[in-house]
Amino acid sequence: MKNADSETINVVFMANFNYPHGMAGTKNVQGYIEYLHASPNFEPAVLVLRQNRIRPVDNPLSGEYKGVPYTTIGSDIRGGFSAVFKAPKYFLQGMKFLRNRRIGGKNILYVYGYPSTDNILLIGYARHLGYKVVFYIVEDIAHQSSAPDFFARLKNRSARLLCGMMSLFTDAALVVSSRLMKKIEGVAKGRFPVVLDPITVDVRRYEGIARDEHEGVHVFYGGTFGEKDGVEFLIAGFEKACETHDNLTLILTGQGDAGRMDKILGIVAASPFRDRIVYKGYVSDEEYDRLLCNCDILCMTRTSSPFANAGFPYKLGEYLAAGRPVIATDVSDVRVYLEDKVNALIIAPDSGTAVAEAIEYLLADRERAERIGRAGREAARRYFDVSVTGEQFRKLLVDL
């Protein structure tokens, strides 16, 4: 740890996600962790709550990642009543971590998600120790899908209740969309600042990745395959485009819950063009970045559901930063940052036909498609790059 003095700002990032390697939530927060780690007088650390039920990689439960310490508590807690007996140890370990991380300067607890039964005791203890508390809200809990077990349902219901009480223990909140901003501002009632903060991506990460030669046109999707992601419509649109183009390949990466994966892979198996659909599963960050830069069309096909419209897709920032032409459905705040046929193809959600037409548009003029890809990268640099969002975040913490 750096020397603790009045200028030092200690920031504990607390979240229930896979760490250090994971998917959208992990990557989004990691951008801020790295930015603060490189900033003078900041001491970031990560407190991981259990890790997610879906674990695409076997993460070490504690250690350092890119110079930042982290630890996981409650990794043995699963659904079932055994969680009741394991909860005291879980909360005591979290309190110990917060107490040991406390310094003489400013202490800040960054909470990814809502207050709930998972974290409210830790939030309360942090406040008792003098921590400022900042929430990062990425979804509307009112529209979340049904939970798989009793304790997950209890967590969701408690989050809905505690969201309305956030002004009692919140110093600032970040939100990913204008809809969430309106919701949380209604909770804050002017008692704490609410800041629009969609996604954070390091555009430099994609610069210099060499493009490989490959035959045909590679269409790409990567993610969790949730209902909000609209992968069924992507596959339907790909199949329609394949009827007139014999050089297309659809590459799918990522991992979702078992039920959703069974459904999507069943659709793939039944497809008349299944020999042109490649599911690679969860891939490393390096392989994922290489695929983004080497595929020809990148697809973000979120549905028009209330849940999807309240959030904002992290993958969109990565896709744009890779500099490849992006097809994005018209959901949430997409049109705030992007213009159709200028820096992306913006299409109607829930439509395989719209996906097919967008693919046709990009195939019709490859130079135009390349221009759209380059313009998309500039949009990512302007709105989502960590050099911009990270500095805004740093200033917010300094001013608390």
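Structural notes, computed from the coordinates. (Residues numbered from 1 in each chain as written. Predicted model: local features only at pLDDT ≥ 70, side-chain atom pairs only at ≥ 80, totals over all residues. Heavy atoms only, no water.)

For the rest of this paragraph, the subject is the side chain of H218. When you line up the elements, H218 lands in strand β9 (residues 217-223). Beyond its immediate chain neighbours, meaning those up to four positions away, H218 contacts T249, I251, C295, D296 and I297. (Helix = DSSP H or I, 4+ residues; strand = E, 2+ residues; numbered from the N terminus. Contact = heavy atoms within 4.5 Å.)

Put simply, Y19 and P20 share a cis peptide bond, and its omega is 10 degrees. Inspection of the secondary structure puts P20 in the loop between β1 (9-15) and α1 (24-37). Although it is not a glycine, R50 sits at a positive phi angle of roughly 75 degrees. As for its position among the elements, R50 is in the loop between β2 (42-49) and β3 (62-65).

Here R157 lies in helix α4 (residues 150-163). Using a relative accessible area of 59% as the deciding quantity, one classes R157 as exposed. Sequence separation between R157 and T117 is 40 residues, and the spatial gap between their C-alpha atoms is 9.0 Å. (Buried < 20%, exposed > 50% of the residue type's maximum accessible area, 1.4 Å probe, protein only.)

Below, the discussion takes up the pattern of salt bridges. All chains considered together, the criterion is met by 25 salt bridges. Among the salt bridges present, the one from D202 reaches R204, with a minimum N-O distance of 3.3 Å. Residue D202 is classed as partly exposed on the basis of its relative accessible area, which comes to 23%. With relative accessibility at 58%, the residue R204 sits in the exposed group. (Salt bridge = Lys/Arg side-chain N within 4 Å of Asp/Glu carboxyl O.)

All right, on to helix α10 (residues 314-321) then. Within α10, eight of the eight residues are buried, leaving the element largely enclosed by the surrounding structure. Along α10, the residues that are buried comprise Y314, K315, L316, G317, E318, Y319, L320 and A321. Of the residues trailing α10, G323 is marked for its positive phi of about 80 degrees.

What follows deals with the packing of α1 against helix α14 (residues 386-399). Running from N to C, α1 and α14 point in directions that differ by 70 degrees, and their axes come no closer than 10 Å. Considered as vectors, α1 and α14 are oriented roughly perpendicular to each other. Viewed along their axes, α1 and α14 form a crossing whose handedness is right-handed. Together, G31, Y32, Y35 and L36 of α1 and V386, S387, T389, G390, E391, F393, R394 and L397 of α14 make up the contact between the two elements. (Axes fitted to C-alpha atoms, helices over the stretch in contact; angles between N-to-C directions. Parallel < 35°, antiparallel > 145°, perpendicular 65-115°, else oblique. Left-handed = near helix turned anticlockwise from the far one by under 90°.)

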